[in-house]
Amino acid sequence: TVVSVIRYRKDEKGERQQAGIGSGVIFENERGKVRVVTNFHVIDGGDTFEVVLHNEIAKKAKVIGKDMLSDLAVLEMDDKDVEHYAVFGDSEELKVGDAVLAVGNPLGLGFSHTTTFGVVSSINRSIPISLSNNGFYDWEMQVIQTDAAINRGNSGGALVNLEGEVVGINNMKVANFGVEGLGFAIPSNTVVP
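Every value quoted in this text rests on a predicted model; they were computed, and no experiment measured them.

(A) Inspection of the overall build of the protein chain at higher detail. A tally of regular secondary structure across the protein chain gives two helices and 12 strands. Across the protein chain, helices and strands are ordered from the amino to the carboxyl terminus as β-β-β-α-β-β-β-β-β-β-β-β-β-α. Radius of gyration (C-alpha) of the protein chain: 16 Å, near the 16 Å computed for a compact globule of 193 residues. The dimensions of the protein chain, computed from C-alpha atoms along their principal axes, are 45 × 40 × 30 Å. A total of 193 residues make up the protein chain; the buried ones form 45% of that total.

(B) Representation of the sheet that holds strand β12 (residues 183-187) in the model. Around the barrel, six strands lie side by side as β7-β8-β9-β12-β11-β10; this closed barrel has antiparallel pairing. Averaged over all pairs of adjacent strands, the angle between their axes in this sheet comes to 50°, without regard to strand direction.

(C) Looking closely at a nonpolar patch on the surface. A cluster of nonpolar residues, Met 68, Leu 69 and Leu 131, forms a patch on the protein surface that exposes about 240 Å² of accessible area. With a relative accessible area of 31%, Leu 131 lands in the partly exposed category.

(D) Expanded view of the pattern of salt bridges. Here the structure, examined in full by the defined rule, presents seven salt bridges. Between Glu 28 and Arg 35 there is a salt bridge, with its nearest N and O atoms 2.8 Å apart. Judged by its relative accessible area of 28%, Glu 28 falls in the partly exposed class. Note that Arg 35 and Glu 30 form a salt bridge whose closest N and O atoms lie 3.5 Å from each other. It is possible to trace a salt-bridge network through shared partners that takes in Glu 28, Glu 30, Arg 31, Arg 35 and Glu 76.

(E) Representation of the sheet that holds strand β6 (residues 72-78) in the model. Read around the closed barrel, the six strands follow the order β1-β2-β3-β6-β5-β4; overall the barrel is antiparallel. Averaged over all neighbouring strand pairs, the angle between strand axes comes to 40°, with direction disregarded. Bridge count between strand β4 (residues 48-52) and strand β5 (residues 58-67): four bridges; the pairing is antiparallel. Within the sheet, the bridge partner assigned to Val 52 lies in β5 and is Ala 58.

Basis of the calculations
Residues numbered from 1 in each chain as written. Predicted model: local features only at pLDDT ≥ 70, side-chain atom pairs only at ≥ 80, totals over all residues. Heavy atoms only, no water. Helix = DSSP H or I, 4+ residues; strand = E, 2+ residues; numbered from the N terminus. Rg over C-alpha atoms; globule rule 2.2 N^0.38 Å. Buried < 20%, exposed > 50% of the residue type's maximum accessible area, 1.4 Å probe, protein only. Pairing = 2+ DSSP bridges. Axes fitted to C-alpha atoms, helices over the stretch in contact; angles between N-to-C directions. Patch = residues over 30% accessible without salt bridge, like charges linked within 9 Å, V, L, I, M, F, W, Y side chains within 5 Å. Areas by Shrake-Rupley, 256 points an atom, 1.4 Å probe, with all protein chains shown as cover. Salt bridge = Lys/Arg side-chain N within 4 Å of Asp/Glu carboxyl O.

This is the structure:
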């Protein structure tokens, strides 16, 4: 159920160029339309989008919902070739020390479907967010902290418990020199509504 999400943007000549890649999670089929949750920052700035399934089939998708503050977006595409849908778990049931898997596509399609293993380090970490990246914080995001490896491209992928339920959507990490194992995910109980 974890897919690649490719963002395209037209260049100054009007030609479509790949502008970024992240991950997403297939979660719903409504009347032949499949929905994929990802991060807002994965789709931000794009004008067309593709979703690449586990079998490397690329499908056109459109954004049907997005929210910068929660860093969430929903894409929609047709249901052809889609067979599986994610099940969301209750992120409120997580405990520090619980084992989790981070599933996504770090560094692009070459490393698609990478799974890393870790533990929940904190269930309600407050992370200051600067929406304009100007050094001034606009608000604090409540996230799950994990030491499962999360790399560029994992954004929008699934944080999964050992029952196979999605308990979070991976969205950021601390990438400073000398820092390891500080990854974060939006709790499923924030994602689902």
